[in-house]
Amino acid sequence: DTGVSQNPRHKITKRGQNVTFRCDPISEHNRLYWYRQTLGQGPEFLTYFQNEAQLEKSRLLSDRFSAERPKGSFSTLEIQRTEQGDSAMYLCASSARQATGELFFGEGSRLTVL
Amino acid sequence: AQSVTQPDIHITVSEGASLELRCNYSYGATPYLFWYVQSPGQGLQLLLKYFSGDTLVQGIKGFEAEFKRSQSSFNLRKPSVHWSDAAEYFCAVGAVVSGGYNKLIFGAGTRLAVHP
């Protein structure tokens with residue numbers, strides 16, 4: 001049983017660089033979520049997809065952030081022109097088709113912006 | 001809008017002692033409520049959830065939680081804590097849409113330390 005997989009697990013970059021994170025959800029799950037977690041805080045919702053459609057984006061997702069799920073399977077989260085404030089853990093989760101399905105989380109991708 | 005408050009940032013208990021972690025939510029109708037646990041280097045794991053019915057919910061690892069509508073609370077309990085329970089615990093509420101919920105809104109978490 002493969003869970004939600006995220007890559008890379010840790011990314012260190014310099015301010016101004018672009019970074020991309022990938023999330024592979026559980027295969028039969030059609031919903032996919034991105035969250036951001038900073039130190040001492042709970043996960044904050046960023047965006048979610050149902051199949052390939054991006055249904056909601058948080059105001060936290062500035063113009064520098066873009067997420068895609070082109071074929072309704074894996075998803076990417078790209079951050080352009082990174083800033084030190086972007087340093088956080090980026091969590092991906094997936095859930096099954098029904099509207100009350102449990103969210104299964106990956107182990108996260110930690111971003112450090114120097 | 002829905003929100004979740006976890007009043008305790010840190011809690012320390014002795015191994016074998018009982019535990020109660022507090023969670024208060026803000027939502028007008030019957031909420032979907034969850035408790036997740038996050039151990040260092042691990043993903044969030046669901047402990048238990050409440051959707052409807054019996055207000056006392058049993059979860060994994062010996063945890064339970066009680067939904068109290070009058071207090072807008074969903075406190076997590078365990079009668080006897082083990083050292084392996086040391087972790088961060090998050091309460092969450094589901095943002096309701098027709099037929100269910102479409103995302104989770106999390107509290108800030110409570111970090112649990114267990115003394116031997």
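For the structure, check the block above.
These lines cover the structure that appears in this document, whether it is placed above or below. Here the structure is a predicted model, which means the values were calculated and not measured.

As for the overall build of chain A
The helix and strand tally for chain A stands at zero helices and eleven strands. The C-alpha radius of gyration computed for chain A amounts to 13 Å, which stays within 12% of the reference 13 Å derived for 114 residues, consistent with globular compactness. Projected onto the principal axes, the alpha-carbon positions of chain A cover approximately 40 × 25 × 25 Å. Looking at chain A as a whole, 47% of its 114 residues qualify as buried. Considering only contacts in chain A between residues 6 or more positions apart, those separated by 24 or more positions represent 53%. When the accessible area of chain A is evaluated, it comes to approximately 5,800 Å², of which 43% is carbon and sulfur surface. Charged side chains of chain A number 15 positive and 13 negative; the gap between the two group centres comes to 5 Å.

Observations concerning the sheet that holds strand β8 (residues 75–79) of chain A
Residue and element names in this part refer to chain A. With antiparallel pairing, four strands are arranged side by side in an open sheet as β1-β3-β8-β7. The open sheet terminates on both sides in strands that have one partner only, identified here as β1 (5–7) and β7 (65–68). Across the sheet, the mean angle separating the axes of adjacent strands is 15° when strand polarity is ignored. Both β1 and strand β3 (residues 19–24) contribute to a ladder of three bridges, which runs antiparallel. Note on β3: the bridge partner recorded for S5 is D24.

Regarding unusual backbone geometry
Residue and element names in this part refer to chain A. With an omega of -10°, the peptide bond between N7 and P8 qualifies as cis. Mapped onto the elements of the fold, P8 is located in the loop between β1 and β2 (10–13). The phi dihedral of R81 falls on the positive side, at around 50°, and the residue is not glycine. Residue position: R81 is located in the loop between β8 and β9 (88–95).

A look at the interface of chain A and chain B
Each partner contributes residues to the interface: chain A has 21 residues there, and chain B has 20 residues. Between chain A and chain B the total buried area reaches about 1,600 Å² when both faces are included, carbon and sulfur atoms providing 51% of it. Of all residues in chain A, the largest losses of buried area upon contact with chain B belong to T100, E102 and F105 of chain A, amounting jointly to 28% of the total for that side. For the pair chain A and chain B, the interface holds one salt bridge. Ionic pairing is found between K103 of chain B and E56 of chain A, a salt bridge with its closest N-O pair at 2.2 Å.

Section: the nonpolar core
Residue and element names in this part refer to chain B. Counting 26 residues, the largest nonpolar core has L19, W35, L47, L48, F74, L76 and Y89 as its most contacted members. Elements with a contribution of two residues or more to this core: β2 (10–14), β3 (19–21), β5 (32–38), β6 (45–50), β8 (64–68), β9 (73–78), β10 (87–97) and β12 (110–115). A total of four residues in this core trace back to one element, the largest contributor, which is β10. Not counting residues up to four positions away in its chain, the partners in contact with Y89 are Q6, L21, W35, Y36, V37, L47, F63, L76, G109, T110 and L112.

Points about the pairing of β6 of chain B
Residues and elements named next belong to chain B. Summarising the sheet, β5 and β6 pair through five bridges and their orientation is antiparallel. Residue pairing across strands places L33 opposite Y50, the latter belonging to β6. Between β5 and β6, which pair antiparallel one after the other, the connecting turn spans six residues, and G41 there sits at a positive phi close to 75°.

Focus on the state of the cysteines
With the rule as written, the count across this model stands at two disulfides over all chains. The disulfide partner of C23 of chain A is C92 of chain A, and the S-S distance across this bridge is 1.8 Å. Judged by the torsion about the S-S bond (-70°), the C23 of chain A/C92 of chain A disulfide is left-handed. Of the two residues, C23 of chain A is situated in strand β3 and C92 of chain A in strand β9; the sequence distance between them amounts to 69 residues. Across a sulfur-sulfur distance of 2.0 Å, C23 of chain B and C91 of chain B are joined as a disulfide pair.

Rules used in this analysis
Residues numbered from 1 in each chain as written. Chains lettered and ligands numbered in written order. Predicted model: local features only at pLDDT ≥ 70, side-chain atom pairs only at ≥ 80, totals over all residues. Heavy atoms only, no water. Helix = DSSP H or I, 4+ residues; strand = E, 2+ residues; numbered from the N terminus. Rg over C-alpha atoms; globule rule 2.2 N^0.38 Å. Buried < 20%, exposed > 50% of the residue type's maximum accessible area, 1.4 Å probe, protein only. Contact = heavy atoms within 4.5 Å. Areas by Shrake-Rupley, 256 points an atom, 1.4 Å probe, with all protein chains shown as cover. Lys, Arg positive; Asp, Glu negative; His and termini not counted. Charge placed at Lys NZ, Arg CZ, Asp CG, Glu CD. Pairing = 2+ DSSP bridges. Axes fitted to C-alpha atoms, helices over the stretch in contact; angles between N-to-C directions. Buried area = accessible area lost by both parts, 1.4 Å probe. Salt bridge = Lys/Arg side-chain N within 4 Å of Asp/Glu carboxyl O. Core = buried A, V, L, I, M, F, W, Y, C linked by side-chain atoms within 4.5 Å. Disulfide = S-S within 2.5 Å.

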